Amino acid sequence: MYLLKLAYRNFFRNTRRSIISGISVAIAITVIIFAQSYMRGVIENIGGNIVRLISGHIRITTKEYERRERMIPLSEALDLTPELYDELDHDEILMVSPRIKFGVLLGEEELNIPALGYAIDPDKETNISGLDQRIIEGSYLDASSNGVIIGNELARRLDLGVGDTLTIITRTAYDSPTGINLLVKGIFSIGIGGIDRSVFYIPFNVGQKLLDLEGRATELVIIVKDPDKAINIAREIGLHGDHSVVPFQYNPILKYINTFSFVYSIFYAIILIVACSTIANTMIMVVFERTKEIGMMKAMGLNNLSVVGLLILEAGIIGFVGSFLGTVSGGILSYWLKYQGVDLSMMSSSTSADMPFGPIIYFSPTPMIIITGFLFGLLATVIVAFLPITRITKLEPAKALKTV
Amino acid sequence: MKIFNLAWRNVFRHRRRTIITAAAISVGLAVMIYMDTMMNGLDSLAAGNIIDFETSHLEIFAKGYYREEGLFPLDTIIENPEFILQRIGKIKTIKGVTPRIKFQCRINNGIDELPVLGIGIDIEKESKVFETANTVVRGGYLKNQDDILIGKDLAKDMDLDVGSFLTIITRDQYGTYEAYDFTVSGLINTGHPLLDRNAALMHINIAQRLLSMHGITELCIKTRDDNKLMQLKQEIASEIGKNFEVYTYKELNAGIFEISGMKRSGQFMLALVVVIIAAVGIINTMLMAVMERIPEIGMLKAMGFGNYNIVKMFIYEGGIIGIFGSLFGCFLGLLASFHLVYFGLDLSHMLKDLDMIYPVKFIITGEINYMIVLGVFIFGVVVSVIVTLWPVRKATKLEPVEALRHV
């Protein structure tokens, strides 16, 4: 205990130096917590959009559909049999909603614009995609009428407004030509370029009729009680061999971003190392200027372990103060941006539909991020301090006392 | 000069401390240089792909054709390209001109359909402007009238190979549905996702027949001197008159270059943080230097050294540390950059299935901008000197007599 007291006093022998050393650690920890909260915010943003707009928590398709998904092969649609729904009778499953995805070229006369249509159950979808909240003009879909809602950018490109007619000409699941005129009921804006620019929604039964998919859907979207359990639930559903049951965690984009956030940890390491160089310097100086003192301590019977312990404690206090300050400032900044959000709509408006990157990033700090940030700062300083300190163990008390 | 000598010796009084302080600066600058090399590489790869395969340096459209990226209206086309060719024929900096027709269509392999960009090309003139012909990896270039070239990735997705039959379905200039059967003559591998995954190339006269039109959608122009692109643009604009418009590849892909700018500033901020932390390290070191030399400074002052000279001495010290750190940082950064330039970083296995907004495949190669390296070097030295000023202020306030007594 008296070692700690001694170390504490030593910390204030050169207050300014100690504080500056602490500050470099504090900056590093602030940046690390900030960056990690940001990355998590990005992952949650994209993950949330994938759940809402692309796959739900779990998505069921046929295996063949999944393999050729880029082509959107309607002929490989799922059969919505009662047996299939029976399989999905699971305590954790809140909702099952069928969707039909289909690709068309839209446009009058001189324009050909590739677009993606979704036939959805309007009532269920309000709880999944929340599309009804995103209508900026007109109204949301209702199941009984031949209506369509389209993205605002797509509407602009097609020069369509609420009340206009959208003509869709495409092919059915059996490859025969088909078409329909739909009344534009509403225009939505999600803020994701790829979706606002190319997606429209029609009622599920209208889509089934249009594409000759009675009793079928291209995919089933499942919402579960606890998203974290989606992987296990997907495994438990255990449909027969033709079906592919994929939890959203396995989405390739989310996987890619997770790999990428790993690359960022190299950055954190560099920042931390540079910050620690200041600590190393300070400790070198501490050892240097106190050689005499340490000689005296040794002469008075303090063993090597205690001397090392004393100096480690001193470095530890610097690390503690620095990490603490960094944790506080990083934490405050991250939590503030969690509620405030950062507007990146410039970025999101130009992304593709594959990368559903919403316009506003809400930072997502967790206690885990904050605690590990703090511990890393503390640990790194102590480890770095070790190198200069070990030199002391070799000091001969008599010689040390004689040094100037 | 004497003061410089003094500073030089002082720097090496604590060799280890100096090295660690300088090394921190080095790491910061090295990261900055590496980031810049990577971003330059990405940008020039993207620009290269766009120039070599998608738009060339400059494109001429009929007035009102180009409204935004990704729209290919067929109502405002160049009806008479001969007129333009004649007008711009005299301009010497033009290396080649080729007509193209771009249109949205669906490609059908008998089972599946996929929307792709149809591109009608003039095989005679194409090679003077684009590199497409040199990227055929299987089969051959366009020969017969019903030949079609597709990207190797598209072929894989749609189970197509050289010799396969496919149908292109589109709507012509008047909105009528048209279809045409093609044979795949070859597969291309350009490195540009648009061409490799999302496009099909055919003879321009077939595209005209498919779309029931006589004109073309654009004239693509390659220049001999891409530093004078804007000049050439103006020259062409004045020749072709008000019925046509000319755009540079940068204007046509503003979104991509904007994103690149944002990424650049984001990464620069991260690198800047490293430098700031390193600068705190310098402050610490210089503070220690001042503190431990208080009696010495007192003596210097007593001997007639003015504050001006004291400050000068410390600034030299900070500067020397800064120069060493920056030199080594540039060396480290360049070393890492050379690796990126000559070996590249292959991220393609990580990103293979994704449609990226950036028109490159992810085998990143770097491109070193030596002006930036120089700029980073100067930045490192300047930062080192500036942050030295604060701890040195203390030294100027010392009274010689008191300082001499300081233990």
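Caption draft 1: The arrangement of the overall build of chain A in detail. Helix and strand counts for chain A stand at 15 helices and 14 strands. Taking 404 residues into account, the globule formula puts the C-alpha radius of gyration at 22 Å, and chain A, at 31 Å, lies well above it. Principal-axis analysis of the C-alpha atoms gives chain A an extent of 100 × 45 × 30 Å. Looking at the 404 residues of chain A, the share that counts as buried comes to 55%. Across chain A, the fraction of contacts at a sequence separation of at least 24, relative to all contacts at a separation of at least 6, is 78%. Accessible area of chain A: about 17,700 Å², with a carbon and sulfur share of 61%.

Caption draft 2: Broad picture of the domain arrangement of chain A. The assigned domain composition of chain A is domain 1 (2-49 + 255-402) and domain 2 (73-217). For domain 1 of chain A versus domain 2 of chain A, the distance between C-alpha centres works out to 51 Å.

Caption draft 3: A look at the interface of chain B and chain A. Taken together, the contacts link 66 residues of chain B with 56 residues of chain A. Counting each side, the surface lost to burial between chain B and chain A is near 5,400 Å², with a carbon and sulfur contribution of 65%. Looking at the side of chain B facing chain A, the largest losses of area belong to Arg171(B), Leu270(B) and Ile277(B), adding up to 12% of the total buried there. Summed over the shared surface of chain B and chain A, the result is three salt bridges. Where Glu113(B) meets Arg171(A), a salt bridge forms, and the shortest distance between an N and an O atom there is 3.0 Å. There are eight residue pairs in polar contact (both at pLDDT 80 or more) connecting chain B and chain A. Contributing elements (two or more residues each) for the side of chain B that touches chain A: α2 (15-54), β2 (94-108), β3 (113-121), α5 (152-157), β6 (165-171), α10 (254-292), α13 (348-351) and α14 (370-396) of chain B. Counting residues per element, the side of chain B that touches chain A draws most heavily on α10(B), at 18 residues.

Caption draft 4: Spatial organisation of unusual backbone geometry. Residues and elements named next belong to chain A. At Ile72, a position not held by glycine, the phi torsion is positive, near 50°. The phi torsion at Asp212 lies on the positive side, around 60°, for a residue other than glycine. The residue Asp212 is located in the loop between α8 (204-211) and β10 (216-217) in this model.

Caption draft 5: Structural detail: a nonpolar patch on the surface. The grouping of Phe320(A), Val321(A), Phe324(A), Leu325(A), Val328(A) and Ile332(A) at the surface amounts to a nonpolar patch, some 530 Å² of accessible area in total. Tracing the backbone shows Phe320(A) in helix α12 (residues 304-340).

Caption draft 6: Region of interest: the pairing of strand β11 (residues 219-224) of chain A. Residues and elements named next belong to chain A. In terms of burial, β11 is largely enclosed, as six of its six residues are buried. Because side chains alternate across β11, one face comprises the buried residues Glu219, Val221 and Ile223, and the other comprises Leu220, Ile222 and Val224, equally buried. The sheet contact formed by strand β1 (residues 58-62) and β11 spans three bridges and is antiparallel. Bridge pairing in β11 places Arg59 opposite Val221.

The rules we used
Residues numbered from 1 in each chain as written. Chains lettered and ligands numbered in written order. Predicted model: local features only at pLDDT ≥ 70, side-chain atom pairs only at ≥ 80, totals over all residues. Heavy atoms only, no water. Helix = DSSP H or I, 4+ residues; strand = E, 2+ residues; numbered from the N terminus. Rg over C-alpha atoms; globule rule 2.2 N^0.38 Å. Buried < 20%, exposed > 50% of the residue type's maximum accessible area, 1.4 Å probe, protein only. Contact = heavy atoms within 4.5 Å. Areas by Shrake-Rupley, 256 points an atom, 1.4 Å probe, with all protein chains shown as cover. Domains from an automatic or database assignment. Buried area = accessible area lost by both parts, 1.4 Å probe. Salt bridge = Lys/Arg side-chain N within 4 Å of Asp/Glu carboxyl O. Polar contact = N/O pair within 3.5 Å; in protein donor to acceptor, adjacent residues only side chain to side chain. Patch = residues over 30% accessible without salt bridge, like charges linked within 9 Å, V, L, I, M, F, W, Y side chains within 5 Å. Pairing = 2+ DSSP bridges.

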